[in-house]
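Survey of secondary and tertiary structure
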Amino acid sequence: MTDVLSPPAPSAEASADASETHTIRVEGMTCASCVARVERVLSRAEGVEAANVNLATERATVRARGLTDAELVAKIEKAGYSASVQTDGSAQAAAAAREAEDRKLARRLWLAVALTIPIWLLEMVPMMVPPLAAWLDATLGMQTIRLLLFALGTAVQFGPGLGFYKKGWAALRGLSPDMDSLVMIGTSAAYAYSVVATFAPGVLPAGADHVYYEAAATIITLILAGRFMEHRAKGRAGSAIRALLDLQPPEAVVVRGMEEDVIPAASVLPGETVRVRPGGKIPVDGEVIEGRSYVDESAMTGEPTPVAREAGDRVAAGTINGTGTLLVRATHTGRETALAQIVRMVEDAQGSKPPIQALADRVVRVFVPVVLGIGLLTFAVWLLIGPSPSLTYALVASVSVLIIACPCAMGIATPISVLVGTGRAAQAGVFVREGAGLQALAEADVVLFDKTGTLTEGRPAVTDVVPLAGTPQANLLPLAAVVEQGSEHPIARAIVEAAGSGARAMPGPASGARGDGEPSQPAAPRGTLSATNFEAIPGFGVQADVDGRRVAIGALRLLERLGISAPEAAQAQADALARDGKTPVWLAVDGRAEALIAVADPIKPGAREALDALRARGLRLAMVTGDARGTAEAVARQLGITEVYAETLPADKADVVRRLQASGENADASGAARRVAFVGDGINDAPALAVADAGVAIGTGTDVAIEAGDIVLLRGDIAGVDRAIGLARATLRTIKQNLFWAFAYNVILIPVAAGVLFPAFGVLLSPMLAAGAMVFSDLFVIGNALRLRTA
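As recorded by an unreviewed UniProt entry, the chain carries the name P-type Cu(+) transporter and is attributed to Rubricoccus marinus. In the Subcellular location (unreviewed entry) part of its UniProt record, the chain is described as follows: "Cell membrane". Recorded in UniProt under Sequence similarities (unreviewed entry), the annotation for the chain is "Belongs to the cation transport ATPase (P-type) (TC 3.A.3) family. Type IB subfamily."

A short note on the environment of Glu 214
Along the chain, Glu 214 turns up in helix 8 (residues 213-237). When its relative accessible area of 7% is taken as the criterion, Glu 214 is described as buried. As for Glu 214 and Ser 194, which are separated by 20 residues in sequence, their C-alpha atoms are 9.7 Å apart. For Glu 214, the residues in contact, after removing those within four places along its chain, are Ile 119, Trp 120, Glu 123, Met 124 and Met 768.

Considerations on the pattern of salt bridges
Working definition: two side chains of opposite charge can pair if their charged atoms are close together. If you walk through the whole model with that rule in mind, you get 20 salt bridges. For the salt bridge of Arg 63 with Glu 49, the shortest nitrogen-to-oxygen distance reads 3.1 Å. Within this pair, whereas Arg 63 is found in strand 3 (residues 59-64), its partner Glu 49 is found in strand 2 (residues 48-54), the two being separated by 14 residues in sequence. Put simply, Arg 292 and Glu 310 hold a salt bridge, and the shortest N to O gap is 3.1 Å. On the criterion of sequence distance, the pair formed by Arg 292 in strand 9 (residues 292-296) and Glu 310 in strand 10 (residues 307-310) is long-range, its members being 18 residues apart. Given the relative accessible area of 48%, Arg 292 is considered partly exposed. Given the relative accessible area of 38%, Glu 310 is considered partly exposed.

As for the sheet that holds strand 16 (residues 461-467)
Strands sit in the order 16-21-20-19-18-17 across an open sheet of six strands; the sheet is antiparallel. The strands lining the two open edges of the sheet, one partner per strand, are strand 16 and strand 17 (531-537). Going from strand to strand, the sheet's axes swing by 20 degrees on average, the running direction of each strand aside. Summarising the sheet, strand 16 and strand 21 (residues 592-600) pair through six bridges and their orientation is antiparallel. Across the sheet, the residue bridging to Val 462 is Val 599, located in strand 21. Each of strand 16, strand 17, strand 18 (541-546), strand 19 (549-554), strand 20 (583-589) and strand 21 is contacted by helix 16 (residues 473-484), which is oriented at about 105 degrees to strand 18, the strand it contacts most.

A look at unusual backbone geometry
Cis geometry marks the peptide bond from Ser 388 to Pro 389, where omega comes out at -5 degrees. The residue Pro 389 is located in the loop between helix 12 (357-385) and helix 13 (390-404) in this model. Despite not being glycine, Asp 547 has its phi angle at roughly 50 degrees, a positive value. Along the chain, the position of Asp 547 falls in the loop between strand 18 and strand 19. The partly exposed category is assigned to Asp 547, whose relative accessible area is 42%. Even without being glycine, Asp 590 reaches a positive phi, approximately 50 degrees.

Here's the deal with a positive patch on the surface
A contiguous patch of positive charge, built from Arg 103, Lys 104, Arg 107 and Lys 166, is present on the exposed surface. Counting residues per element, the positive patch draws most heavily on helix 3 (residues 91-128), at three residues. Tracing the sequence through the fold places Lys 104 in helix 3. Look at Lys 104 and you get partly exposed, because its relative accessible area is 44%.

Notes on the packing of aromatic side chains
Scanning the model with the defined rule gives 14 aromatic pairs in all. On the basis of an interplanar angle of 85 degrees and a centroid distance of 6.0 Å, the ring pair of Trp 741 and Phe 776 is categorised as edge-to-face. Of this pair, Trp 741 sits in helix 25 (residues 719-754) while Phe 776 is found in helix 27 (residues 767-786), placing the two residues 35 residues apart along the sequence. Looking at Phe 776, the relative accessible area reads 48%, which means it is partly exposed. By the ring-pair criterion, three or more aromatic residues cluster together here, those being Phe 150, Phe 158, Tyr 165, Tyr 191, Phe 199 and Tyr 213.

Analysis parameters
- Residues numbered from 1 in each chain as written.
- Predicted model: local features only at pLDDT ≥ 70, side-chain atom pairs only at ≥ 80, totals over all residues.
- Heavy atoms only, no water.
- UniProt positions renumbered as here; feature names shortened; annotations may be inferred.
- Helix = DSSP H or I, 4+ residues; strand = E, 2+ residues; numbered from the N terminus.
- Buried < 20%, exposed > 50% of the residue type's maximum accessible area, 1.4 Å probe, protein only.
- Contact = heavy atoms within 4.5 Å.
- Salt bridge = Lys/Arg side-chain N within 4 Å of Asp/Glu carboxyl O.
- Pairing = 2+ DSSP bridges.
- Axes fitted to C-alpha atoms, helices over the stretch in contact; angles between N-to-C directions.
- Patch = residues over 30% accessible without salt bridge, like charges linked within 9 Å, V, L, I, M, F, W, Y side chains within 5 Å.
- Areas by Shrake-Rupley, 256 points an atom, 1.4 Å probe, with all protein chains shown as cover.
- Lys, Arg positive; Asp, Glu negative; His and termini not counted.
- Charge placed at Lys NZ, Arg CZ, Asp CG, Glu CD.
- Phe/Tyr/Trp six-rings, centres within 6.5 Å; stacked < 30°, edge-to-face > 60°.

Shown next as structure tokens:
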């Protein structure tokens, strides 16, 4: 499996002015408006063809011509965010940066808490304990208390809360207000009102000289607490990438002559030999040249059982050696290993957007300006028709609207689900190339399978040996193998391989006697046999002399050409084998039929069970192959597939996909076009993989198929398709739940914050409760996405 993801060769036609893809790490984004702002800034830059920013992974992926990483970083920083170039191998640095950001957020949070608690003790607690209020008033005086509150509130507002001003003002100046802008405006309004009430109460209407230092401080503290918890939760969501990175050992033992050197694993060169001791992680992709051991590949493929590896076998970086010592010749190292490419694939998928995200993006573009308008309208309505003191009510309601309307939940609903879902899939050996493929797979209602190498093993094998004249089965295969050793035909190779391991005997109706009733002569053991006068007859078979006997092997037409008659009962049995999708091969010795040898491409173990699981999900299954219709239908019968497209050329496979996608006879009852997932592994499957709504490449197949697929199954078993579809559906379901919650939260609570319940029930949401509800919304979305870790 090691060269499953070997890198494609660079195009010789690449031009100097071709667009390049840049990956930039962006820090400081807090909501969907931040994402929209960074995308807008990047998209407007000359030379930028496409820009995709992901809130969950904090990455911007930019396709541009004639721009450098530094220029893109400068544009992002000008928009008010921190940015740095993300290169291969920088994931560890990103993890370190995330930990540093955690510590920074924690410091801001605890400072805010330390300053807010005294504010509550001075303002809120006395309101609940009248004797304490009387004592403080008598001891300190109201003005002294307000001055203390002013000092503490100012420290919160321009200490831990200073970040809201920096980013919020930059966003306002760029005419793209975001969450920080809302917090800045809302808390500033409460703080400024309180300052006026403290130092110039006479300018306020009678009875309206209240202070709201506790509201401004508590809002800042709650939002910082929410961001801290959100940052921690996003870190847990990205645990799959860190687990993959941890698979790569930092060092390798390189054997150079009679010496062994310990060097960084990334410094190993292709062709060098590394020693992997018992229990050690394999540092490179390569071929075992000495030793035998069992290798745990579960972290890469999801296969729980260690696999035997010995000289000639291939191993992958990041897998764990068992009890034996292995010498491995490196074929791919550093960023070229399958593990490194898997990490990049998962990172790219986590940074991509499925089509469903487009709805949230469209809403977010106008959401914050609309909220600002609603806030102003709320203030005006309360000020004009609200009860006395109307200014106080207007302030409380408008600030609550601004705070509760944070679009954080909308911004993170999709990316956090994709982040967790693709990470969980990677742990199961299912690697998603992009979010669009994940959504397409979840929505697929038809799964079209290639046959050879996908549903079957992809190589012929002897399935049956039918003695026709009493010769022991153990002597038949060696005799056939001696002759077939001179042929390169796949069927010949299957017979040679089977001669060492044997095949299941299936006695024929003519077993026990030759066609003329005479007992046959037993064949000599294979080790004493030798073939001479080998002759290949194209389209018929081969023949040779073996220890004085003329042995012929081939199709029935070879026997007819040689004038050899085949018993009628044996011919009937050959027809039965053919109906089962097997190729009957006749063995004749000295002009008499001795045996039937059946060769077929065996169905992969567990394939029928895997397809049954897909049918249980309500999926329609079909199979396409270049094989003859009889063989194809025989395999389909064994797998329970009723829709078969046989004798197709590679281009025809893509046409089959298009026909299934189109409306008409292949559409559902409503006439809508079907969504088709194609599963294949070969070069001739690449067109169909590319045309399908979701292309699923079997990872044990060719590099071309893997490059064309949207989803890659690192293990070769078809059960991975069911796992992939299950995870894709769970992820899409979670995205829809999160988007529903994010939209419903705002639709329901913005009117409540504006005060629609006040006339009937006297209920007016306080800014502090609004901040708490906003934090709960974000954490609900993240918590819902984290459930995918156990899907």
